[in-house]
Protein chains: 2
Amino acid sequence: MVILTLNCGSSSAKFQVYDWDKKEVLGVGIVERIGQEMSNIEHKPLNKNEFEESGPCHDHKVAIEWIIKTILNKDHGCIEKIDEIKAVGHRVLHGGEIVKQSTVVDEEVLKVFESLNHLGPLHNPANIQGIRAAMAVLPEVPHCAVMDTAWHQTMPAHAFMYALPYDWYTKYNVRRYGFHGTSYLYTAKRASVLLGKDPAKTNVIICHIGNGASMCAVKDGKCYDTSMGMTPLEGLIMGSRCGDIDPAIVPYIMKETGMSGAEMDTAMNKKSGILGITEKFVDRRDIQTGCDNGDERCILAMEMETYRIKKYIGSYYAALGHVDAIVFTAGVGEMNPNYREKSVGGLESMGIKLDDSKNKASSTRNCETCISADDSEVKVFVIPTDEELVMTEDTYALMNGTYDIHTNYTY
Amino acid sequence: MVILTLNCGSSSAKFQVYDWDKKEVLGVGIVERIGQEMSNIEHKPLNKNEFEESGPCHDHKVAIEWIIKTILNKDHGCIEKIDEIKAVGHRVLHGGEIVKQSTVVDEEVLKVFESLNHLGPLHNPANIQGIRAAMAVLPEVPHCAVMDTAWHQTMPAHAFMYALPYDWYTKYNVRRYGFHGTSYLYTAKRASVLLGKDPAKTNVIICHIGNGASMCAVKDGKCYDTSMGMTPLEGLIMGSRCGDIDPAIVPYIMKETGMSGAEMDTAMNKKSGILGITEKFVDRRDIQTGCDNGDERCILAMEMETYRIKKYIGSYYAALGHVDAIVFTAGVGEMNPNYREKSVGGLESMGIKLDDSKNKASSTRNCETCISADDSEVKVFVIPTDEELVMTEDTYALMNGTYDIHTNYTY
Ligand SMILES: Nc1ncnc2c1ncn2[C@@H]1O[C@H](COP(=O)(O)OP(=O)(O)O)[C@@H](O)[C@H]1O
Ligand SMILES: Nc1ncnc2c1ncn2[C@@H]1O[C@H](COP(=O)(O)OP(=O)(O)O)[C@@H](O)[C@H]1O
């Protein structure tokens, strides 16, 4: 039985084809630049060479047709017939307080997601387009929405409520939801394995530092707090998102510049973060190069981003009282030793001590390691995340009637 | 030589009369409900009974005339002639990036403050009104502005910059400024004394928890980071201010409700915080009573507020690397053991351990104590703040030509 997972962004669609019986990834790839003049697809099938192709692709439906065509191709595909695919799992950012866990999608569920687009303006519309397109291309199989927010349902009220007028919560669903849930579920469980501890007795702090970045305080194996909020804007400094700021800045800048609320939202989501500070870069590899060349803005950006991560580590350390391990994951977390060193350096008084050479050695994807010193009370791990695996398993569990928000798969 | 200090809020004016030569507070008091139908004044003169009076007081000028009349009164006053007052020190919230330290006020300085009203809408206009009124009533003496922000000038860029478009900083002065500076200066120095350490080698975390509340990370005796930001809205949960939220909530709620930016600003400053959560209380004494009676919203409010303080303690602990002491000050910090217990309880893994009975015993103003256990690595102090003393000394130092932002008075 084969499960296809899809993670649709506004201009990209990541896919993975998984053979449930063999527990094997058959193929994995991405379509990029959807809606632009020229798009391209990459596909890495198991035991075959990587395939790449350019072509026009003006919407998500075309993208998904392209994906299906590619994975079915005799030479560079990974399955033989389309009906081998028994279910599709879609990543969905936001279900508000209505869809709180992964679920089989029907028209009603799609309507709910659509009604919540304002809570995830960068992600939800694309997620929905992807689902609709995939349902059109693969109408015979169940489509499941795997929620980024499901993992975070265990947060206590004092962590998820804002100190805003109470009826903004009851009327407008203003609260902390949290995202990157599939990544946290996977890495939290892997951390327990590396620690040799029962997950239900494990406290970890996870730093998911990719283009989007957030952190999670995991208490007794469950989400206790997280840095992203009602939307994925709050918390850490990201590629183009500002993270935490004085909220009074919003009306102030609107008044000074005449910008509308929507324009302000765009500025905070797309023109801020690393891009705002440097006025040129979004990708942390460019920041690293800039720092190496003494570029002041790049140095400031790296200092700011890692200082924010360090402050959240301290804050979740205090929230949890006891911490077994700190985990780094996602692009930057997995591959950049400098970011990690700056984020946890100098925390010896909290029992956190890096092993410099192990840290430096860990700079590629797919390398799960412990980078703390042998005598570090708190372990520091690099754990490559596997969101697709969790999506696949959620999808299987939904079809199998065994799903709960902390699916008991062992990673 | 006598120095008068004034701390003018929108509807109140706190005053203190200080004899510099005798190092003695001659009188201290407050005018409340300025601009309402009936106002009242309280004055506690040295070695005399407290005096209280009601009367009409429609603006700050009338308030200051009332103060002068009161402190000159034969029976319940504290000085004999008005010309004993040689200078007036005024608390001023915000000088932006222009007035960065305490300064003698002239028309030009007032114009600068006026141009910055938007950065401190709840405070600056009242501060300016107070200065103008006092200059009219006491035209012969120098008036000094004692800046809340001066103490915070030592913050490094990675702590004071936001990850927003860089030109919002250069064009609109968007950065972290920090407030409660006089309180931090005083309590940081007292903490060094209690620790028996050189202030320049002392790291402390100060929790100023009054109606307005903020925290400060002090490194080597100087401000390294603070929770309030461009305005006093950011950071901790306060009486009616929300503190940290997802900034995306601002445009979202504006769109959902049709509120303007100014209305949103008011909602976040005046209808949020403890008031927003409980929908009835601002004063933490009411929250305490509510908690004692099992009121769910009051319990939530206290949980949220102290959880936020705890997270900031962790965050500044990480930022500083090493912490000598945690200091509680201002109304709630000085007088409520429950808030303190909830804020630092469970932090033994960070070397912080309260002495429960000492903590409980410390519940009145004017009682400087150590409330940590004898074997606590990090000391916990309650230090009653004395902002008026710092204001007085800044004023004296300005007249004397010896002022710097970390005036070398020993407290
Ligand atoms: N060697 C590296 N050093 C620093 N950053 C890197 C490195 N490799 C990748 N990155 C960063 O990782 C980010 C992408 O992270 P990833 O988790 O793959 O993305 P996403 O958040 O979009 O899922 C890129 O923006 C890039 O800045
Ligand atoms: N015993 C107490 N328990 C809890 N809170 C108290 C107590 N006494 C005073 N407070 C709180 O202190 C706050 C005032 O703090 P203070 O530092 O005096 O004020 P401000 O911030 O206005 O200068 C009040 O809002 C009140 O909630």
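Right above here is the structure, for reference.
Residues numbered from 1 in each chain as written. Chains lettered and ligands numbered in written order. Predicted model: local features only at pLDDT ≥ 70, side-chain atom pairs only at ≥ 80, totals over all residues. Heavy atoms only, no water.

Quick notes on empty space enclosed by the protein
Tallying each qualifying case throughout the model produces five cavities of 30 Å³ or more. Empty space within the largest cavity amounts to approximately 510 Å³. Residue assignment for the lining of the largest cavity shows that the elements contributing at least two residues are helix H4 (157-160) and helix H11 (296-320) of chain A together with helix H4 (157-160), strand E11 (222-226) and helix H11 (296-320) of chain B. Grouping the constituent residues of the lining of the largest cavity by class yields 15 nonpolar, eight polar and eleven charged. (1 Å grid on protein atoms, 1.4 Å probe; cavity = no way out; pocket = protein on both sides within 12 Å on 5 of 7 lines; lining within 4 Å. Points joined across faces, edges and corners; volume = space filled by probe spheres on them. Helix = DSSP H or I, 4+ residues; strand = E, 2+ residues; numbered from the N terminus. Nonpolar A, V, L, I, M, F, W, Y, C, P; charged D, E, K, R; others polar.)

Quick look at the sheet that holds strand E1 (residues 2-8) of chain B
All names here are of chain B. Taken in spatial order, the eight strands line up as E5-E4-E3-E2-E1-E6-E8-E7 in an open sheet, and their pairing is mixed. Both outer strands of the open sheet, strand E5 (51-55) and strand E7 (103-104), are each paired with one neighbouring strand and no more. Across six bridges, strand E3 (residues 24-32) lies against strand E4 (residues 39-45) in antiparallel orientation. Bridging across to E4, Gly-27 finds its partner in Pro-45. Its contacts with the sheet place helix H15 (residues 387-400) against E1, strand E2 (13-19), strand E6 (85-92), E7 and strand E8 (143-147), and it is angled at close to 120° to E6. (Pairing = 2+ DSSP bridges. Contact = heavy atoms within 4.5 Å. Axes fitted to C-alpha atoms, helices over the stretch in contact; angles between N-to-C directions.)

A word on the side chain of Ser39(A)
Residue and element names in this part refer to chain A. On the secondary structure map, Ser-39 appears in strand E4 (residues 39-45). A distance of 3.5 Å separates the side chain of Ser-39 from the backbone oxygen of Cys-57, its partner in a polar contact. Beyond its immediate stretch of four places on either side in the chain, Ser-39 contacts Glu-32, Arg-33, Ile-34, Glu-53, Ser-54, Gly-55, Pro-56, Cys-57 and Trp-66. (Polar contact = N/O pair within 3.5 Å; in protein donor to acceptor, adjacent residues only side chain to side chain.)

Some details on the environment of Cys291(B)
Residue and element names in this part refer to chain B. Inspection of the secondary structure assignment puts Cys-291 in helix H10 (residues 284-292). The class for Cys-291 is buried, based on a relative accessible area of 18%. Distance in space between the C-alpha atoms of Cys-291 and Asn-127 is 35 Å, their sequence separation being 164 residues. When residues no more than four places from it in sequence are discounted, the contact partners of Cys-291 are Cys-298, Ile-299 and Met-302. (Buried < 20%, exposed > 50% of the residue type's maximum accessible area, 1.4 Å probe, protein only.)

Observations concerning the pairing of E5(B)
Each regular strand displays side chains that alternate between the two surfaces of the sheet. Residues and elements named next belong to chain B. Looking at chain direction, E4 and E5 are connected through five bridges and run antiparallel. Across the sheet, Asn-40 pairs through a bridge with Ser-54, a residue of E5. Between E4 and E5, which follow one another and run antiparallel, lie five residues, and Asn-47 among them has a positive phi close to 60°.

Some words on the sheet that holds strand E12 (residues 325-329) of chain B
Within the open sheet, the six strands sit side by side as E11-E10-E9-E12-E14-E13 (chain B). Their pairing is mixed. If you trace the sheet from one side to the other, it starts and ends with E11 and strand E13 (369-370) of chain B, each paired once.

Focus on helix H13 (residues 337-344) of chain A
Residues and elements named next belong to chain A. Taken together, the buried positions of H13 are Pro-337, Tyr-339, Arg-340, Ser-343 and Val-344. Angular distribution of buried residues about the axis of H13 spans 160°; they occupy a single face of the element. Contacts from the buried residues of H13 go to helix H10 (284-292), H11, strand E12 (325-329), helix H12 (330-335), helix H14 (356-361) and strand E14 (379-382). Measuring from the side-chain oxygen of the N-cap residue of H13 to the backbone nitrogen of Asn-338 gives 2.8 Å; that N-cap residue is Asn-336. Gly-346 sits one or two positions beyond H13 and adopts a positive phi of about 75°. (Arc of directions from axis to C-beta.)

Here's the deal with the site of ligand 2
Residues and elements named next belong to chain B. Within the structure, ligand 2 sits among 13 residues, and Asn-211, Asp-283, Arg-284, Gly-331 and Asn-336 are positioned closest to it. Asn-211 places a main-chain nitrogen or oxygen 2.9 Å from an oxygen atom of ligand 2. Calculation on ligand 2 without its partners gives an accessible area of 580 Å², and the protein chains cover 77% of this total. Elements with a minimum of two residues in the shell around ligand 2: H10 and helix H12 (330-335). (Near = heavy atom within 4 Å. Areas by Shrake-Rupley, 256 points an atom, 1.4 Å probe, with all protein chains shown as cover.)

Everything listed here is a matter of geometry and, on its own, says nothing about what the molecule does.
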